[in-house]
Amino acid sequence: MNSSALSAPSQKAPPPDLQPRLWVKLVILLLVCGLLIGGVGRLNNGGTVTMSPTPDSPDVAMVEAPTIDVASEATAGRIVKIAVNPNDRVEAGQVIAEVDAAPFTKRIELAKARLATAEAELKREDAALARIKGETPLQQAIAEQSLAAAKAEKAKAEESLKLTEVEVERAVEEAKAGVDAARIIREFARKEADRYKSLSPEDAAVLRKPQEAAQALAIADANLKLASAKLATAEATRPRTTVARRVVEEAEAGVTKAAKAVELITAASKEQTAGAELTVATRRLAVEEARQSLAIAEAALAATKVTSHAAGIVLRRVRNPGDVAPAGSPIVTLFNPESLFVSLQIDDSRLNGINPGNKVKITVPGFEKPFPGRVHAVARGQKAPVRIAFDKDDRL
């Protein structure tokens, strides 16, 4: 099939400035015939497609156009304005309706207030965490200094104990040695005195006077008593060792206490820091959630201005101002005139020469010149559908 033409009953074409656009006629036909039927016709044996309002041929042709529903996808509410009417041309992104924005404005105000509260709480908890982190090293340093001082006191006490033990033992030993020496001297003096007593007077006068021996013994007794007294005094200093040992024990207790304080402060600081960090993380999450809520509210407000996601011609208004439109519910229906096509049901025995890509001329009543098109698809069967697509034309 080289070419086909849509023929119609002869009539005088209107002047160029009054020439109707195809889509205007189709809008009327689509509205009347349930959005699908735009005309009927048949394909002749000679390759001519004939369109007529009331076909009596078994080869039926229908003009079809896909429809596009425009809806408020994210926002439900009361429609306050519809900016388009049937037959209006709509561009992609054009505002076609508005939903009452008052409830969404209030949501934004509430979301902003919640965000401000969340941010203030985060700021406060951040400051608390910073304070804890700043105070913790100082507290630990003080505790460690106390521990170092306690250890120094313990070392000093231990050294003092050693010195005391040495001094006491030395004094006792020296005193014992003095007593032993005094006893030896006394014993010698006693023996001398006894010897003088056993001698005859003549011998005594020759060797030594008895009085001198007695005096030496008395001196020896006195020295022994003095040495014994010194020993007693030295033995009396032994409690100094006990006192020094107690000082060491107290110093050890101080070290243990200071070490425990360091341990407790370190653990408490870690726990405080971890708790504060968890609180800050929770507050930060609350801020993020509040920001997301605000973004959702702002998106919902923006969605109150319903825009068309595609270009086309307004076929009908599904909703009117004052109606409550659920989210996703169509407000207007469009169709794209550039997507028009003709669908014919042709007996399989008559499909010879009809192939995809064949050029077609489509004649529509009320238009002086035919519209160019191409066979888009051909199916095989008892009644095979043939789809003819319109080529680009300024009249569409």
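Calculation criteria
Residues numbered from 1 in each chain as written. Predicted model: local features only at pLDDT ≥ 70, side-chain atom pairs only at ≥ 80, totals over all residues. Heavy atoms only, no water. Helix = DSSP H or I, 4+ residues; strand = E, 2+ residues; numbered from the N terminus. Areas by Shrake-Rupley, 256 points an atom, 1.4 Å probe, with all protein chains shown as cover. Phe/Tyr/Trp six-rings, centres within 6.5 Å; stacked < 30°, edge-to-face > 60°. Buried < 20%, exposed > 50% of the residue type's maximum accessible area, 1.4 Å probe, protein only. Lys NZ or Arg CZ within 6 Å of the ring centre and 35° of its normal. Pairing = 2+ DSSP bridges. Patch = residues over 30% accessible without salt bridge, like charges linked within 9 Å, V, L, I, M, F, W, Y side chains within 5 Å. Salt bridge = Lys/Arg side-chain N within 4 Å of Asp/Glu carboxyl O. Lys, Arg positive; Asp, Glu negative; His and termini not counted. Charge placed at Lys NZ, Arg CZ, Asp CG, Glu CD. pLDDT = per-residue confidence, 0-100. Contact = heavy atoms within 4.5 Å.

### Remarks on the overall build of the protein
Within the protein, the regular secondary structure consists of 5 helices and 16 strands. Total accessible area on the protein stands at roughly 23,400 Å², and carbon and sulfur atoms take up 56% of it.

### Notes on the packing of aromatic side chains
A full pass over the atoms with the stated rule returns 1 aromatic pair. Centre to centre, the rings of F371 and F390 are 6.1 Å apart; their planes meet at 75°, and the pair counts as edge-to-face. With a gap of 19 residues between them, F371 in strand β15 (residues 371–378) and F390 in strand β16 (residues 383–390) connect regions that are remote in the sequence. This pair shows no difference in class: F371 is buried, exactly as F390 is. For the cation-ring pair, R387 lies above F341, with the distance from its terminal atom to the ring centre recorded as 3.7 Å.

### Examining the environment of V342
Looking at the element boundaries, V342 is found in strand β13 (residues 341–347). Overall, V342 belongs to the buried group, its relative accessible area being 2%. Taking the C-alpha atoms as reference, V342 lies 9.9 Å from R374; in sequence the two are 32 residues apart.

### Section: the pairing of strand β12 (residues 330–335)
Most of β12 is tucked away: 5 of the 6 residues are buried. Taken together, the 5 bridges between strand β5 (residues 67–71) and β12 define a ladder with antiparallel strand orientation. Residue pairing across strands places V70 opposite V332, the latter belonging to β12. Pairing of strand β10 (residues 312–317) with β12 involves 4 bridges; the strand directions are antiparallel. Across the sheet, residue R317 finds its bridge partner in β12, namely V332.

### Describing the sheet that holds strand β11 (residues 324–325)
Within the open sheet, the 4 strands sit side by side as β9-β8-β6-β11. Their pairing is antiparallel. The strands lining the two open edges of the sheet, one partner per strand, are β9 (305–307) and β11. Note that strand β8 (residues 95–99) and β9 share 3 bridges and pair antiparallel. If you follow E98 over to β9, its bridge partner there is K305.

### What about a negative patch on the surface?
A surface patch of negative charge is lined by E158, E249, E250 and E252. The element best represented in the negative patch is helix α5 (residues 238–302), accounting for 3 residues. Secondary-structure assignment places E250 in helix α5. Among the residues examined, E250 registers a relative accessible area of 58% and is labelled exposed.

### Considering the confidence of the model for the protein
A residue-level look at the protein finds 80% of positions with pLDDT of 70 or above and a mean pLDDT of 78. When mean pLDDT is compared element by element in the protein, β8 scores highest at 93, while strand β1 (residues 6–7) scores lowest at 30. Taken as a whole, residues 1–59 scores under 50 in pLDDT and shows 137 contacts with residues more than four places along the chain or in a different chain.

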